[in-house]
Amino acid sequence: MSVAEIFETMDYGPAPESAAPALAWLSQHQSRFGHFIGGAWTAPTATFPTNNPATGTELAQLSQGSAEDIAAAVAAARTALPAWRALGGAGRARYLYALARQVQKHARLFAVLETLDNGKPIRETRDIDIPLVARHFYHHAGWATLLESEFPGYEGVGVCGQIIPWNFPLLMLAWKIAPALATGSTVVLKPAEFTSLTALLFAEICQEVGLPDGVVNIVTGDGTTGAALVAHPEIDKLAFTGSTEVGRLIRKATAGSGKKLTLELGGKSPFLVFEDADLDAAVEGVVDAIWFNQGQVCCAGSRLLVQESIEARFIEKLKRRMETLRVGDPMDKVADIGAIVAPVQLARISELVQAGVEEGATLYQTTQACPTNGCFYPPTLLTGVAPASVVAQQEIFGPVLVAMSFRTPAEAVALANNTPYGLAASLWSESLNQCLELAPKLKAGTIWINGTNLFDAAAGFGGYRESGFGREGGREGLWEYLVESTPVVVPSSQASASATKEAPTLDQTAKLYIGGKQARPDSGYSRRVLGPDGTSIGLVGEGSRKDLRNAVEAARAASAGWGTTSGHNRAQILYYLAENLNYRSTEFAARIAQQTGLDGTAEVDAALQSLFVWAAWADKNDGAVHRTVQKSVVLAMPEPLGVLGIACPSAQPLLGLINTVAPAIALGNAVIAVPSEAHPLSATDFYQVLETSDVPSGVVNIVTGERDALLKTLAEHDDVDGVWYFGENPALVEAASVGNLKRTWCPKPGTLPRPDAFLRAATQVKNIWLPYTD
Ligand code: NAI
């Protein structure tokens, strides 16, 4: 054989990492584990096996957590809470720092154990997962130190229930536990049933660093254990990462419970390649986007959208690159693709690919050997995929890329957004102008420009639309673990005269306000409004489902333009509203007095002040620039939610309207407001102020009627992006929101959140990663 021939046929020899340290650790525990509760291990009971997916061999027996185990863990977390809080941020920082150090010291053991348990290549656990875990604890040690000075008026939320998936077992644990501990909260964490071992090793590390008992509790088990955690009444906050389906169940189960909730769910993220992209770099990008972690990544770039002019060339390059990917023993340091986590997941992937082929897609799989024992699936490309087909719409969560093409940037955006999800997107073009023009148009929580699957503790991560809500990482993520220490109390809702359904006498009835016009209610009914002494003081329209549909349509039509107009312009309009309200302040004060029996002057003044405050904020909610450990900067851009339904507080008929509608529109949302049910006349009078203040049609819509019934309809509406509910029955709204998993915000009845809470509720942060080398 000539040297040239040897060179041509040369292959990588196996270079396996030793499993010995992990196996030794398992046998130290007789490969049987109980739960970690209150700083101690319970005896293993009701055990089930956890297997190595690369070989099918059993690694250990884990305990199936019962409702009693969950109750014991929650009680331990509750007991530990006061002392943990009292330590202060600086005290807690020491522990977070110690955890980071211990993770680093045990990095090899963690990496090997994770690979054995999950099947992901050792190269990834060693070079990506575990270093990011340590980074997360260091970063949050810093936040703990800065907590009191950076978040005055806020404190840790309390006892947190955390449920994590199997695709990044230890990394997801770090994403959940580090911010909780930094804020002075305590934790009950349930790892995924396929991959609990590194969480149990982490529990041991908590013991090693002397973390106070009960601050971190780990209960293993399947979905029923998770459901018991969700249902436990003593949990203050739930954080979940996993499937959208389970996310919906959790949203429903927690509705009205007052538990804070964050959901990080599935995705079908687009990977857009433009004709001017560096195609070789983009091919490497695809490898990282969909073949990293066998494609079992919530933000995997699983939909390749490539410009038609370069499609053939790009697909050819990609196929060539696929041929060089090595599928095999995850413990082998040269393996690019390891094992799928479990047979059930492997079957799901195969079925979905089969469905794609049956729908007409062309299948391409590498000719490279793929082990036949164990859970392996080869890198797969489906071309000729129709945008509506099952493989283009459903999350496959495997090493399967579906490819489609586009002609123009506008078409690219339309295709990219053609999914109910909104977790991430990658843009590949040498024109930063093009990328930065498209980034705001993509409905996704993270945008990577000429990059993909980049994560850092300093940058927030989380979804738009049905990919969930809330952010993890950085300052944004910390808010999810904080609550106001002393909420501002406002006058409670007066159980005043209730309105009653009346036969139509429409001419004297204050109408609804939809699309910039006064509109008669579709039902034809009106409701009588009573003064404090029970006498009739007027009639308002009885809004219905149909009126709301019209209002949502008007708001949607207005929202794109309003959301992208400058903050300066929005501020001008709010100042103009204030000016016009000021002209009529005597009339508005009299109307308040007529409805409530109280002097309305102070309320009108407060409403004017509120308009000034929100005009001030309209051009100041700037977002942030994060510096990460990668060669990137991340623009954290708050974007309006879009269309918001708002149930205004019952008391303070004018101020309740302005305090809620003004921040929503100042930040670029279009709203459908349902004013105080008992005192709606200040809102209906306000139409004239709106009409004379240049507020574009459809930005503010007002529908009077039975508040809770109207809000339920808004919460169910799939074209509403968020609902704010200032009322006494949040369960109604939260349960109704599961359809499109819209954001809901239900502040404690009788409290007025601080302005910064309004800023966060009115927006969602898009993190845009830009290459940056300094
Ligand atoms: P899953 O959503 O069922 O599991 C995630 C976690 O939730 C696990 O710890 C599980 O035990 C727990 N869980 C399950 N049912 C629960 C319930 N009713 N209440 C509380 N906790 C519950 O995900 P699964 O079945 O493992 O994977 C199915 C699909 O979900 C995947 O094919 C993928 O499409 C998606 N997925 C998405 C992830 C993400 O990071 N967004 C992670 C894992 C799966």
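As the structure is a computational prediction, the values presented were derived from the model and not from experiment. (Residues numbered from 1 in each chain as written. Predicted model: local features only at pLDDT ≥ 70, side-chain atom pairs only at ≥ 80, totals over all residues.)

### Notes on the overall build of the protein
A count of helical and extended segments in the protein gives 26 helices and 34 strands. For the protein, the spread of C-alpha atoms along the three principal axes comes to 100 × 60 × 50 Å. Within the protein, contacts between residues separated by at least 24 positions form 74% of all contacts whose residues are at least 6 apart in sequence. (Helix = DSSP H or I, 4+ residues; strand = E, 2+ residues; numbered from the N terminus. Contact = placed C-beta atoms within 7 Å.)

### Describing the environment of Leu770
Structurally, Leu770 can be placed in strand β34 (residues 763-771). Distance in space between the C-alpha atoms of Leu770 and Thr195 is 33 Å, their sequence separation being 575 residues. Among all residues touching Leu770, those that are not within four sequence positions of it are Ile449, Ser632, Val633 and Leu635.

### Regarding the sheet that holds strand β26 (residues 624-627)
The strand order β13-β14-β15-β12-β11-β16-β17-β34-β27-β26 describes an open sheet built from 10 strands, whose pairing is mixed. In this open sheet, the two strands that pair with only one neighbour each are β13 (362-365) and β26. In this sheet, adjacent strand axes meet at a mean angle of 20 degrees when their direction is disregarded. Direction of pairing for strand β12 (residues 301-307) relative to strand β15 (residues 400-406): parallel, over a ladder of five bridges. Considered in β15, the bridge of Leu304 is made with Ala403. The strands touched by helix α11 (residues 279-290) within the sheet are β11 (269-273), β12, β15 and β16 (424-428), with β12 carrying the most contacts at an inclination of about 155 degrees. (Pairing = 2+ DSSP bridges. Axes fitted to C-alpha atoms, helices over the stretch in contact; angles between N-to-C directions.)

### Some points on the nonpolar core
Formed by 167 residues in total, the largest nonpolar core has its most connected members in Leu96, Phe137, Leu272, Val286, Val402 and Ile447. For this core, the element with the most residues is helix α7 (residues 169-182), which contributes 11 residues. Inspection of this core shows a minimum of three residues originating in each of domain 1 (19-265 + 479-483) and domain 2 (270-462). Every residue in contact with Leu96, bar those within four places of it in the chain, is listed here: Phe137, His140, Ala141, Ala144, Ala178, Leu181 and Ala182. If you look at the next biggest cluster of nonpolar residues, it comprises 73 residues, including Leu512, Phe588, Cys648 and Tyr725. (Core = buried A, V, L, I, M, F, W, Y, C linked by C-beta atoms within 7 Å. Buried ≥ 20, exposed ≤ 12 C-beta atoms within 10 Å, placed from the backbone. Domains from an automatic or database assignment.)

### Things to note about the domain arrangement of the protein
You can read the domains of the protein as domain 1 (19-265 + 479-483), domain 2 (270-462) and domain 3 (503-622 + 638-753). Computed from C-alpha coordinates alone, the two centres of domain 2 and domain 3 are separated by 43 Å.

### What about the site of the ligand?
Within the structure, the ligand sits among 26 residues, and Pro165, Gly223, Gly226, Gly242 and Ser243 are positioned closest to it. At the level of elements, α9 (223-231), α10 (244-254) and α13 (343-358) are the ones that each hand at least two residues to the shell around the ligand. With four residues, α9 is the largest single contributor of residues to the shell around the ligand. Classifying every residue of the shell around the ligand gives 13 nonpolar, eight polar and five charged. Among the domains, domain 1 (19-265 + 479-483) and domain 2 (270-462) are the pair contributing at least three residues each to the shell around the ligand. (Near = placed C-beta within 6 Å. Nonpolar A, V, L, I, M, F, W, Y, C, P; charged D, E, K, R; others polar.)

### Regarding the packing of α7 against helix α8 (residues 197-208)
Two numbers describe how α7 lies on α8: the axes approach to 8 Å, and their chain directions differ by 50 degrees. Regarding the angle of α7 to α8, the classification is oblique. As α7 packs across α8, the resulting crossing turns out to be right-handed. Facing Pro169, Leu170 and Leu173 of α7, the residues of α8 in contact are Thr198, Ala199 and Phe202. Grouping the amino acids of the contact of α7 with α8 by side-chain chemistry returns five nonpolar, one polar and no charged. (Parallel < 35°, antiparallel > 145°, perpendicular 65-115°, else oblique. Left-handed = near helix turned anticlockwise from the far one by under 90°.)

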